[in-house]
Amino acid sequence: MKLSTIFASALMVAVAFGFAACGNDEEDEKIPEVPTENEFTGTTVAWPASTPDQKFTSTDPVYTLRLDSNTKKATLEIDQAQFMVGMPKLDMVFPGIDYKILDNNVVLLSSANLVPESGGRPYPIFPITNLQGRVKANGTFDLFFECTPKFRPDITPVLHNITFTGHTAD
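Not measured: the values here are computed from a predicted model.

*Asks:* So, the overall build of the chain: which residues are in play, and what are the values?
*Replies:* In terms of regular secondary structure, the chain is built from 1 helix and 11 strands. Reading the helices (α) and strands (β) of the chain from amino to carboxyl end gives α-β-β-β-β-β-β-β-β-β-β-β. Expressed as a percentage of its 170 residues, the buried residues of the chain come to 32%. Roughly 10,700 Å² of accessible area belongs to the chain as shown, and the carbon and sulfur atoms make up 56% of that amount.

Next up, the structure:
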């Protein structure tokens, strides 16, 4: 009995050392370093999908991207958003955007559809679809999304494409 107890104890010590030896600090998973909040300025271009030659361009909006590492969701705030002639400049929030961070610190954003908010309330007349974005480590931000404004029942909604190309604000 004594020999089996010594053998069992020795085996447990060997297993414990084996687990402790697995991996080292240099092999730990590297967590990309990306700021959780970035502000961008640049150029917004919007056009009806059916008439791409009718472009509306603005450099007024400021885009602020917030990343929540707990929920893995991003929020995009657009101050002074205006996507077409006659649209009032609005402060809009695009909540609940999926994101992932690649090894090279590139942030990819995506959302099939979302309802933007303005003034803390949902703004369903500007439904957002097919949002895709990329923030590179050099501070550039490229964004694409679609919007089909639904102003009134007597006006047929028209799909608009919107792009933003910018860089971190100075």
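Let's pick the thread back up.
*Asks:* Any chance you could break down a nonpolar patch on the surface for me, citing the residues and the numbers?
*Replies:* The grouping of Ile-125, Phe-151 and Ile-155 at the surface amounts to a nonpolar patch, some 230 Å² of accessible area in total. Inspection of the secondary structure assignment puts Ile-155 in the loop between β10 (140–147) and β11 (160–168). Relative accessible area serves as the criterion here: at 36%, Ile-155 is assigned to the partly exposed category.

*Asks:* Please give an account of the environment of Lys-55 that cites residues and values.
*Replies:* By the element assignment, Lys-55 lies in the loop between β1 (37–48) and β2 (56–58). Spatially, the C-alpha atom of Lys-55 lies 9.7 Å from that of Val-85, the residues being 30 residues apart in sequence. In this view, Lys-55 contacts Val-45, Ala-46 and Trp-47; residues no more than four positions away in its chain are not counted. Of the polar contacts made by the side chain of Lys-55, one reaches the backbone oxygen of Pro-52; its length is 3.0 Å.

*Asks:* An account of the confidence of the model for the chain is requested, with residue identities and associated values reported.
*Replies:* Put simply, the chain has an average pLDDT of 83, and 80% of its residues get 70 or more. pLDDT under 50 marks residues 1–25. Its contacts with residues more than four places away, or in other chains, come to 0 contacts. Below pLDDT 50 for its whole length, residues 27–32 participates in 3 contacts with residues either more than four positions away or in separate chains.

*Asks:* Any chance you could break down the packing of aromatic side chains for me, citing the residues and the numbers?
*Replies:* Tallying each qualifying case throughout the model produces 6 aromatic pairs. Pairing Phe-83 with Phe-145 gives two aromatic rings, centres 5.5 Å apart and planes at 80°, and the pair type is edge-to-face. Linking Phe-83 in the loop between β4 (73–81) and β5 (90–101) with Phe-145 in strand β10, this pair joins segments that are 62 residues apart in sequence. Given the relative accessible area of 3%, Phe-83 is considered buried. For Phe-145, a relative accessible area of 0% corresponds to the buried category. Put simply, the rings of Phe-40, Tyr-63, Phe-141 and Phe-164 pair up and form one aromatic cluster. The residue whose ring lies beneath Lys-55 is Trp-47, and the NZ or CZ to ring-centre distance is 4.8 Å.

*Asks:* Got a sec to walk through the side chain of Thr-44? Specific residues and values, please.
*Replies:* Relative to the assigned elements, Thr-44 resides in strand β1. Overall, the relative accessible area of 2% leaves Thr-44 in the buried class. Polar side-chain contacts of Thr-44 include one of 2.8 Å to the side chain of Tyr-63. In this structure, Thr-44 is in contact with Phe-56, Thr-57, Ser-58, Pro-61, Tyr-63, Phe-83, Ile-162, Thr-163 and Phe-164, ignoring residues within four places of it in sequence.

About the cut-offs
- Residues numbered from 1 in each chain as written.
- Predicted model: local features only at pLDDT ≥ 70, side-chain atom pairs only at ≥ 80, totals over all residues.
- Heavy atoms only, no water.
- Helix = DSSP H or I, 4+ residues; strand = E, 2+ residues; numbered from the N terminus.
- Buried < 20%, exposed > 50% of the residue type's maximum accessible area, 1.4 Å probe, protein only.
- Areas by Shrake-Rupley, 256 points an atom, 1.4 Å probe, with all protein chains shown as cover.
- Patch = residues over 30% accessible without salt bridge, like charges linked within 9 Å, V, L, I, M, F, W, Y side chains within 5 Å.
- Salt bridge = Lys/Arg side-chain N within 4 Å of Asp/Glu carboxyl O.
- Contact = heavy atoms within 4.5 Å.
- Polar contact = N/O pair within 3.5 Å; in protein donor to acceptor, adjacent residues only side chain to side chain.
- pLDDT = per-residue confidence, 0-100.
- Phe/Tyr/Trp six-rings, centres within 6.5 Å; stacked < 30°, edge-to-face > 60°.
- Lys NZ or Arg CZ within 6 Å of the ring centre and 35° of its normal.

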